[in-house]
Amino acid sequence: MQQIILPDLEQKEFSSYYGTYINKVAHENIIKGLEIGKRNFIDFVQSIPEEKLTHAYAKDKWTLAEVFVHIIDTERIFAYRALRFARNDKTPITGFEQNDYVPYSNANTYSKEDIIFDFEAVRNSSISLFNRFTDDMLGRIGEASGGPMSARAAGYIMSGHQIHHFQVIKERYL
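One structure accompanies this document, and this report is about it. Remember, predicted model here, so these are calculated numbers, not experimental data. (Residues numbered from 1 in each chain as written. Predicted model: local features only at pLDDT ≥ 70, side-chain atom pairs only at ≥ 80, totals over all residues. Heavy atoms only, no water.)

1. Concerning the overall build of the protein
The helix and strand tally for the protein stands at seven helices and two strands. For 174 residues, the compact-globule estimate of 2.2 N^0.38 gives 16 Å, and the C-alpha radius of gyration of the protein, at 16 Å, lies within 12% of that figure. Referenced to the eigenvectors of the C-alpha coordinate spread, the extents of the protein come out at roughly 45 × 30 × 30 Å. When each of the 174 residues of the protein is scored for burial, the buried share is 51%. By sequence separation, contacts in the protein at least 24 residues apart represent 75% of the contacts at least 6 residues apart. The positive charge centre, built from 20 side chains, and the negative charge centre, built from 23, are 3 Å apart in the protein. (Helix = DSSP H or I, 4+ residues; strand = E, 2+ residues; numbered from the N terminus. Rg over C-alpha atoms; globule rule 2.2 N^0.38 Å. Buried < 20%, exposed > 50% of the residue type's maximum accessible area, 1.4 Å probe, protein only. Contact = heavy atoms within 4.5 Å. Lys, Arg positive; Asp, Glu negative; His and termini not counted. Charge placed at Lys NZ, Arg CZ, Asp CG, Glu CD.)

2. Overview of the layout of surface pockets
In this structure, the largest pocket occupies an estimated 240 Å³ of space. Looking at the largest pocket, it is lined by 15 residues, and the ones nearest its centre are Tyr17, Tyr18, Phe78, Phe96 and Gln98. Put simply, the parts of the chain that give the lining of the largest pocket at least two residues each are α3 (64-86) and α7 (151-172). Per-element tally for the lining of the largest pocket: the top contributor is α3, with four residues. (1 Å grid on protein atoms, 1.4 Å probe; cavity = no way out; pocket = protein on both sides within 12 Å on 5 of 7 lines; lining within 4 Å. Points joined across faces, edges and corners; volume = space filled by probe spheres on them.)

3. A closer look at the pattern of salt bridges
Counted under the stated rule, the structure contains seven salt bridges. The partner of Arg152 in a salt bridge is Glu13, and the shortest N-O contact between them spans 3.0 Å. Of this pair, Arg152 sits in helix α7 while Glu13 sits in the segment before α1 (19-22), placing them 139 residues apart in sequence. Judged by its relative accessible area of 14%, Arg152 falls in the buried class. On the basis of relative accessible area, Glu13 is assigned to the buried category, the value being 2%. Of the charged contacts, one joins Asp60 and Lys59 as a salt bridge, the two residues approaching to 3.7 Å between their closest N and O atoms. Of the two residues examined, Asp60 and Lys59, each falls in the exposed class. (Salt bridge = Lys/Arg side-chain N within 4 Å of Asp/Glu carboxyl O.)

Right, dumping it as structure tokens:
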């Protein structure tokens, strides 16, 4: 795994699995990264023709709409994790199986406007949440999916996860 470029984030704050997402984050300030990601998401979804939303690049792969709703669902989950850790809740949080969520998301009925509306609501909530965290809260570590995770790491993972999926979309869908 390559070197993490975020100076305040330590390796003990996240499982190595999440390094893939964290290493995609270019902005040290979590809020700024989330705000930039919000603008990028809206612009990106608006640039895609409506008829492409239900397109998958191969059989048994997610459609574009499913990928976008997956990003939204994942952010909801990681914001919840960040809240729990920031509030010093030490109860381990089990993982979630993303492939089990997609069939029940109803994503292929979403319009571009629906996707943007849901994303903005979730991202605005995440920005509000992280705006209220102190440095102490951001550094608190809990357990998620069998490994450590700080509230701060959860914020970076949310940004990096979005970037990761945009790269996949550009490579395989467009």
